[in-house]
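Residue-level listing of the chains:
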Amino acid sequence: MKNHKTPLIIAGVLAALILTASPALAAKKKHNLERRIRLSSEYFEVVMQEPGGGIPSYILSNARGIIILRQYKIGLGIGIKGGLGIVMIRKGNTNSWSPPAFLKTGEGSIGIQAGGQVMDTVYLLMDDEGMSLLSKPKFRIGIDAAAAAGSHDAGAEAKLSSGTPILVYSNSAGLYAGAAFEGGFLLPDNKANATYYGSPGITMHEILFTNKVTFPDSARVLAAAIKKYSIR
């Protein structure tokens, strides 16, 4: 005689396993995001320790927002660039920063190219135009707002030009040769933000511009690293 209870028992066991695994999986995902923030702190330090000087303290202390991004580029005829990063904004005219929000990037290129490259890049948002990017569903650095290579000059205070929404500082490792037509974008990493803050549907704007979330302990090392190089 068939035991009609067997499928129900199996279904119950599977459901119990799923319920048990879900918190563990969520905890692992959050741990990975905490690690991503710690690595962002390391990438920032790499840029700051570049030979010839990192970001001058005067410029860093006048930035209204900061994006720290690690990108990977591989080219064999068709190039692919992708990466992950975080963004924080300064709270008013202070040396305090907002909780971090997660970003991701995607980029494609076509051209004559070969090799691979890892790039750590810091984008400083210097004015209203630069900050306005953070309200867009996705944006392109240098297209949606003008960008310029940041000065490493210790006397940058006198040379800090107005009308430059974004200053770019970068470090790269690896070989990437060739010329290509490129177009790429940055956009909020909504899944990462929801997982990290335990708040489904939370937006990058809410994280950065409102008091909807508190500053997480796991991001204090990153905030401290930025403050260390500022003069405020």
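Provided above is the structure to which this section pertains.
Residues numbered from 1 in each chain as written. Predicted model: local features only at pLDDT ≥ 70, side-chain atom pairs only at ≥ 80, totals over all residues. Heavy atoms only, no water.

**What about the pattern of salt bridges?**
- By the definition in use, this model includes six salt bridges.
- The salt bridge partner of Lys-228 is Glu-45, with a shortest N-O separation of 3.1 Å. Note that Lys-228 is positioned in helix 6 (residues 220–228) and Glu-45 in helix 1 (residues 5–48), a separation of 183 residues in sequence.
- Of the residues examined, Glu-45 reaches a relative accessible area of 21% and is grouped as partly exposed.
- The salt bridge partner of Asp-217 is Arg-220, with a shortest N-O separation of 3.1 Å.
- The class for Asp-217 is exposed, based on a relative accessible area of 61%. (Salt bridge = Lys/Arg side-chain N within 4 Å of Asp/Glu carboxyl O. Helix = DSSP H or I, 4+ residues; strand = E, 2+ residues; numbered from the N terminus. Buried < 20%, exposed > 50% of the residue type's maximum accessible area, 1.4 Å probe, protein only.)

**A closer look at the packing of aromatic side chains**
- Across all of its chains, the model carries three aromatic pairs by this definition.
- Measuring from centroid to centroid gives 5.3 Å for Phe-102 and Tyr-196, while their planes differ by 80 degrees, and the two rings are edge-to-face. Placement of Phe-102 in strand 2 (residues 101–125) and of Tyr-196 in helix 4 (residues 190–197) is noted, with a sequence separation of 94 residues between them. There is no split in this pair, since Phe-102 and Tyr-196 are both buried.
- Taking 4.8 Å as the distance between ring centres and 85 degrees as the angle between the ring planes, the aromatic pair formed by Tyr-196 and Tyr-197 counts as edge-to-face.
- When its relative accessible area of 3% is taken as the criterion, Tyr-196 is described as buried.
- Judged by relative accessible area, Tyr-197 falls into the buried class, the value being 16%.
- The cationic tip of Lys-138 hangs over the ring face of Phe-185; the distance from NZ or CZ to the ring centre is 4.9 Å. (Phe/Tyr/Trp six-rings, centres within 6.5 Å; stacked < 30°, edge-to-face > 60°. Lys NZ or Arg CZ within 6 Å of the ring centre and 35° of its normal.)

**Some remarks on the side chain of Ser-98**
- Here Ser-98 lies in the loop between strand 1 (65–89) and strand 2.
- Setting aside anything within four residues of it in sequence, one finds Ser-98 in contact with Met-88, Ile-89, Lys-91, Leu-208 and Phe-215. (Contact = heavy atoms within 4.5 Å.)

**Things to note about the environment of Asn-62**
- Mapped onto the fold, Asn-62 is located in helix 2 (residues 57–62).
- Classification of Asn-62 as partly exposed rests on a relative accessible area of 28%.
- Sequence-wise, Asn-62 and Ser-230 are 168 residues apart; in three dimensions their C-alpha atoms are separated by 8.6 Å.

**As for helix 6**
- Within helix 6 the residues assigned to the buried category are Leu-222, Ala-223, Ala-225 and Ile-226. Buried residues of helix 6, seen end-on, are gathered within an arc of 160 degrees and therefore sit on one face of the element. Relative to its buried face, helix 6 has exposed residues pointing more than 90 degrees away, namely Val-221 and Lys-228. (Arc of directions from axis to C-beta.)

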